[in-house]
Amino acid sequence: MQACLFSFSAVYSSTTCEHNTANLKCRNGKFIWVYLARYGRTQDDTCPNSGLHDTNCGSLHDSLMEVRLACHGHQACAIRASNDVFGDPCHGTNKYLSVHYLCLRRPPAIYVRRACEGHNIEMECPTDYVINVHYANYGRTAFHPCIHPARSDVSCHASTSTSVVQSTCEGETSCVVPATNSAFGDPCVGTYKYLTVYYVCTV
């Protein structure tokens, strides 16, 4: 069924030069499904600049994760093309963010949300759908999300993360979860953490 939905969906592309903001949008009540994203540089003539041009620059996996966190399942979203968001895959090279996405009639199979420590994650499903939480982690597993001086521990997991989020959100049409030590405990004292949640919307 999902493949059928893809085959009848137009492919949209967005290219945004470094330090600018990418704006993705679907019309007529459709939902963004991001299938490819790269922050870096693969061509000399895109976003021309006098800086160094490393044209083998960028991590597809990390870039895709960040764009999906901001946009997947929304009808419109904005994400800044910057090292603060994606890290710096090639120092000294002027970069750009390239995104390819579809607009689907149904919500995408899975939503991904992230909130930095001290902030909230907001989750919601369309009318007639409810939240089903698949996975959550409060801690830190990568260096560049949620930029902060205290981020050296990247093997940090709160073991109760999924159950805590499920207790608040499972079966709800929308919910808010704080990314705080008071909600999850402190799995790595002295490290600035973030909360990541994967969920689906089910009938």
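For the structure, see preceding data.
Procedures and definitions
Residues numbered from 1 in each chain as written. Predicted model: local features only at pLDDT ≥ 70, side-chain atom pairs only at ≥ 80, totals over all residues. Heavy atoms only, no water. Helix = DSSP H or I, 4+ residues; strand = E, 2+ residues; numbered from the N terminus. Buried < 20%, exposed > 50% of the residue type's maximum accessible area, 1.4 Å probe, protein only. Contact = heavy atoms within 4.5 Å. Areas by Shrake-Rupley, 256 points an atom, 1.4 Å probe, with all protein chains shown as cover. Lys, Arg positive; Asp, Glu negative; His and termini not counted. Charge placed at Lys NZ, Arg CZ, Asp CG, Glu CD. Core = buried A, V, L, I, M, F, W, Y, C linked by side-chain atoms within 4.5 Å. Disulfide = S-S within 2.5 Å. Pairing = 2+ DSSP bridges. Axes fitted to C-alpha atoms, helices over the stretch in contact; angles between N-to-C directions. Patch = residues over 30% accessible without salt bridge, like charges linked within 9 Å, V, L, I, M, F, W, Y side chains within 5 Å. Salt bridge = Lys/Arg side-chain N within 4 Å of Asp/Glu carboxyl O.

Undergrad: Provide a residue-level description of the overall build of the protein chain, including the pertinent values.
TA: The helix and strand tally for the protein chain stands at 5 helices and 12 strands. With respect to the principal axes defined by its C-alpha atoms, the protein chain has extents near 50 × 45 × 20 Å. In the protein chain, which comprises 203 residues, the proportion classed as buried is 44%. Restricting to contacts in the protein chain with at least 6 residues of sequence separation, those with at least 24 account for 78%. Carbon and sulfur atoms make up 50% of the accessible area of the protein chain, which totals about 10,100 Å². The distance from the centre of the 15 positive side-chain charges to the centre of the 16 negative ones in the protein chain is 7 Å.

Undergrad: Let's hear about the nonpolar core: which residues, and what values?
TA: Soluble globular proteins: nonpolar side chains tend toward being buried together. In terms of nonpolar packing, the biggest core is built from 21 residues, with Met123, Val165, Leu195 and Val197 touching the most fellow members. When sequence neighbours within four positions are dropped, the list of residues in contact with valine 197 reads Tyr111, Val112, Arg113, Ile121, Met123, Val133, Tyr135, Ala136 and Val165. Counting residues in each nonpolar core, the second largest holds 18 residues, with Leu24, Val34, Cys71 and Tyr101 among its members.

Undergrad: Describe the state of the cysteines, with residues and values.
TA: Applying the stated criterion across every chain yields a total of 8 disulfides. Put simply, cysteine 17 and cysteine 47 are joined by a disulfide, and their sulfur atoms are 2.0 Å apart. Judged by the sign of its S-S torsion, about -90°, the bond between cysteine 17 and cysteine 47 is left-handed. Of this pair, cysteine 17 sits in strand E1 (residues 11–17) while cysteine 47 sits in the loop between strand E3 (31–41) and strand E4 (57–58), placing them 30 residues apart in sequence. What makes cysteine 17 partly exposed here is its relative accessible area of 30%. Exposure remark for cysteine 47: the relative accessible area of 11% places this residue in the buried category. A sulfur-sulfur distance of 2.0 Å marks the disulfide that ties cysteine 116 to cysteine 146.

Undergrad: A description of the sheet that holds strand E7 (residues 111–116) should follow, citing residues and the corresponding values.
TA: Taking strand neighbours across the sheet as the criterion, the 4 strands line up as E7-E12-E9-E10 in an open arrangement whose pairing is antiparallel. The open sheet has two edge strands with one neighbour each: E7 and strand E10 (156–157). Strand direction decides the pairing type here: strand E9 (residues 130–140) and strand E12 (residues 194–202), joined by 9 bridges, are antiparallel. Looking across to E12, one finds that isoleucine 131 is bridged to cysteine 201. Strands E9 and E12 of the sheet are contacted by helix H4 (residues 161–169), whose axis makes an angle of about 145° with E9.

Undergrad: How would you explain a nonpolar patch on the surface if you had to name every residue and give the values?
TA: Taken together, the side chains of Val11, Tyr35 and Leu36 present a nonpolar region at the surface, about 240 Å² in accessible area. Exposure remark for leucine 36: the relative accessible area of 35% places this residue in the partly exposed category.

Undergrad: How would you explain the sheet that holds strand E6 (residues 96–104) if you had to name every residue and give the values?
TA: With respect to topology, 4 strands assemble into an open sheet ordered E1-E6-E3-E4, the strand pairing being antiparallel. Lying at the two open borders of the sheet, with one neighbouring strand each, are E1 and E4. Alignment of E3 against E4, held across 2 bridges, turns out to be antiparallel. Counterpart to arginine 41 in the pairing with E4 is cysteine 57.

Undergrad: Describe unusual backbone geometry, with residues and values.
TA: Unlike most non-glycine residues, aspartate 128 shows phi in positive territory, near 75°. As for its position among the elements, aspartate 128 is in the loop between strand E8 (120–124) and E9. With relative accessibility at 65%, the residue aspartate 128 sits in the exposed group.

Undergrad: Kindly report on the pairing of E3, identifying the contributing residues and their values.
TA: Summarising burial for E3: 8 of the 11 residues are buried, a large majority. Sheet analysis places E3 next to E6, joined by 9 bridges and oriented antiparallel. Pairing of alanine 37 across the sheet is with valine 99, part of E6.

Bear in mind that shape data such as this cannot, by itself, settle questions of function.
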